[in-house]
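Chain and residue survey
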Amino acid sequence: MREHTEFTYGEDANRQKPEIDAPIEDWNTYIYERDNVAGYHMEYWHHAFGCRAWIKVKRDTQTHAILWVGLPQENPEIAL
Amino acid sequence: MGKYNALSIFWHALCRHKYWQRVWRDPQPKLGYDAIIVGGGGHGLATAYYLAKNHGITNVAVLEKGYIGGGNAGRNTTIVRSNYLLSDNARFYEHGMNLWRTMSQDLNFNVMFSPRGVLNIAHTNAQYDVFARRANAMCLNGINAELLSREEVLDREPIIDGSATTRFPVWGGILQPLAGNARHDAVVWAYARGADQLGVDIIQNCLVTDFIHHGERIVGVKTTRGDIYAHKIGLAVAGNTSCLTSKLGVRLPIESHVLQAFVTEPYKPLINGVVTFGAGHFYVSQSDKGGVVFGGDIDGYNTYAQRGNLPVFEDVIGGGLALMPCLSRLKLLRNWGGVMDMSMDGSPIIDIGPVDGIYLNTGWCYGGFKATPASGWCFAYTIANDQAHKLNQAYTLNRFASGYTIDEKGAGPYPKVH
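What you see is a predicted model, and the numbers here were worked out from it, not measured in a lab.

Here the focus is the overall build of chain A. Of the regular secondary structure elements, chain A holds one helix and four strands. Element order for chain A, N to C, with α for helix and β for strand: β-α-β-β-β. The principal-axis extent of the C-alpha atoms belonging to chain A is close to 45 × 25 × 25 Å. Buried residues in chain A amount to 10% of all 80 residues. Sequence separation of 24 or more characterises 39% of the internal contacts of chain A that already satisfy a separation of 6 or more.

What follows is the structure, given as structure tokens:
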């Protein structure tokens, strides 16, 4: 169990970076638009004041409940 | 309903206050309206009021999922200002200031607008230069701004730490003397009463759950109180905008974040105007009741919970104590959180679309309260005329795609830095 103050929020983990030569619309979507879900949200956090690792967190944006934590390359084995 | 004046108070007092009427009706929703405004906050109610008053569209329903004054209208720090650098923002918010000045008379309701001055404090020479640039830009847009020296700042607000040992000494400040505060609850109640008197139906406890399509067009909403039809549907739901537009299959340049604010027990007069700390993020004023009202940063992660966490709480209060050490002796009465519609450039969106029949009002970040009258005024114009007024023509949804973002701080495309 680590303190909240050790972490800073990164971003939505479901965003897919377009290819460098992708159309401008794809880049607009990537840079500006968000799902902004009310409910389960997969996101990156940075352990900035700790081991400096990035982690992936599944969190309920309506209750702040954390449902799953893993490394960035991991995904939950079962749908939560 | 009767007009409010000194004579009516006297008469009601003589009658032992037995004959006061409710301030707005509680109607059943009709099947159809000329226009529906989703969201009974300040912006939605102001929109309905100006639709009726300025454009003669009185067959309007305002649908509120909770009760009037229970959302962000009751969760802000009541600051009213127009001290913006960029012309698009400055003109819009200054139009709002003109509406604030006459609001109590216009609505026959005392909104306690108090132009006690908004003072931003600079702590370095470089910061003072940036403030001077903003003050000059404001003057060019016809907004009064004054640069204050260190002595003038300390003279104006004596409780600021002016000692030689303070961590962030005061260098100077920028003052908008005609800005200040207004009573947040009174503003929504006044707009609700004003709209209701002009024939607008204010429907509370009415959650919009989906939209009714007719071909490509949206022609109504499904609600917890039945289906309601209208050809024009305005969305003014702040932090919940993405939830509604997701039902239209539209993603927005918006993230919802929680902003906390705080109020102490009432104390004798301590702070004269609105003061902001330049070395951290902290803004403070004192309510007419005496409570010291303050706030700071958003929590920093997207959320729909109307409450925040303790680290930001500590950060805000740390900023306050660096500026005004005597605040450490005050007792905190309450703190609360509101869900902010943080846009990707820090500026709002008042636009037609993104789907036929829908009008969008969102992206207020944490400056929505001061915008209440100007937002409603411009949104009503846009809905009534199917085109933007020149005051909100820059606040388009497609400005992100076209590159015309209105980024007051030059902070880049991040929702949490504005």
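With that out of the way, let us pick up the overall build of chain B. Looking only at helices and strands, chain B has 10 helices and 19 strands in total. Taking 2.2 N^0.38 as the reference for a compact globule, 418 residues should give roughly 22 Å; the C-alpha atoms of chain B span a radius of gyration of 22 Å, in line with that estimate. If you line up chain B on its principal axes, its C-alpha atoms span 70 × 65 × 40 Å. Considering chain B as a whole, with its 418 residues, one finds that 51% of them fall into the buried category. Long-range contacts, defined here as pairs at least 24 residues apart, represent 75% of the contacts in chain B between residues at least 6 apart.

By way of backbone hydrogen bonds, the strands of a sheet pair with one another, either parallel or antiparallel. All names here are of chain B. Strand order across the open sheet formed by six strands is S8-S2-S1-S12-S19-S18, with mixed pairing between neighbours. Two strands lie at the open edges of the sheet, namely strand S8 (201-203) and strand S18 (349-352), each paired on one side alone. Across the sheet, the mean angle from the axis of one strand to that of its neighbour is 15°, orientation sign disregarded. Pairing of S18 with strand S19 (residues 358-362) involves four bridges; the strand directions are antiparallel. Paired with Ile 349 across the strands is Thr 362, a residue of S19.

Before going further, it helps to examine unusual backbone geometry. For residues other than glycine, phi is negative in most cases, and the peptide bonds are mostly trans. Residue and element names in this part refer to chain B. Gly 353 connects to Pro 354 through a cis peptide bond whose omega is 10°. Looking at the secondary structure, you find Pro 354 in the loop between S18 and S19. Although it is not a glycine, Asp 386 adopts a positive phi angle of roughly 55°. Along the chain, Asp 386 turns up in the loop between helix H9 (368-385) and helix H10 (399-402).

One widely used convention gives an interface's size as the accessible area the parts lose upon coming together. Between chain A and chain B, the residue contacts involve 15 residues of the former and 20 residues of the latter. It is helix H1 (residues 24-32) of chain A that provides the largest number of residues to the side of chain A that touches chain B, a total of three residues. When grouped by side-chain class, the residues that make up the side of chain A that touches chain B number four nonpolar, eight polar and three charged.

Let us look at the environment of Ala48(B). All names here are of chain B. Of note, Ala 48 is situated in helix H2 (residues 42-55). Exposure remark for Ala 48: the 35 C-beta atoms within 10 Å place this residue in the buried category. Separated by 152 residues in the primary sequence, Ala 48 and Val 200 have C-alpha atoms spaced 6.9 Å apart. Ignoring anything within four residues of it in the chain, the contact list for Ala 48 reads Ile 37, Val 60, Val 62, Ala 195 and Val 200.

Parts of the prediction with low pLDDT should not have their coordinates interpreted in detail. Mean pLDDT over chain B works out to 96, with 100% of the residues at or above the 70 mark. Interface scoring of the predicted complex returns ipTM 0.94; its pTM is 0.96.

Thresholds, definitions, all that
Residues numbered from 1 in each chain as written. Chains lettered and ligands numbered in written order. Predicted model: local features only at pLDDT ≥ 70, side-chain atom pairs only at ≥ 80, totals over all residues. Helix = DSSP H or I, 4+ residues; strand = E, 2+ residues; numbered from the N terminus. Buried ≥ 20, exposed ≤ 12 C-beta atoms within 10 Å, placed from the backbone. Contact = placed C-beta atoms within 7 Å. Rg over C-alpha atoms; globule rule 2.2 N^0.38 Å. Pairing = 2+ DSSP bridges. Axes fitted to C-alpha atoms, helices over the stretch in contact; angles between N-to-C directions. Nonpolar A, V, L, I, M, F, W, Y, C, P; charged D, E, K, R; others polar. pLDDT = per-residue confidence, 0-100.

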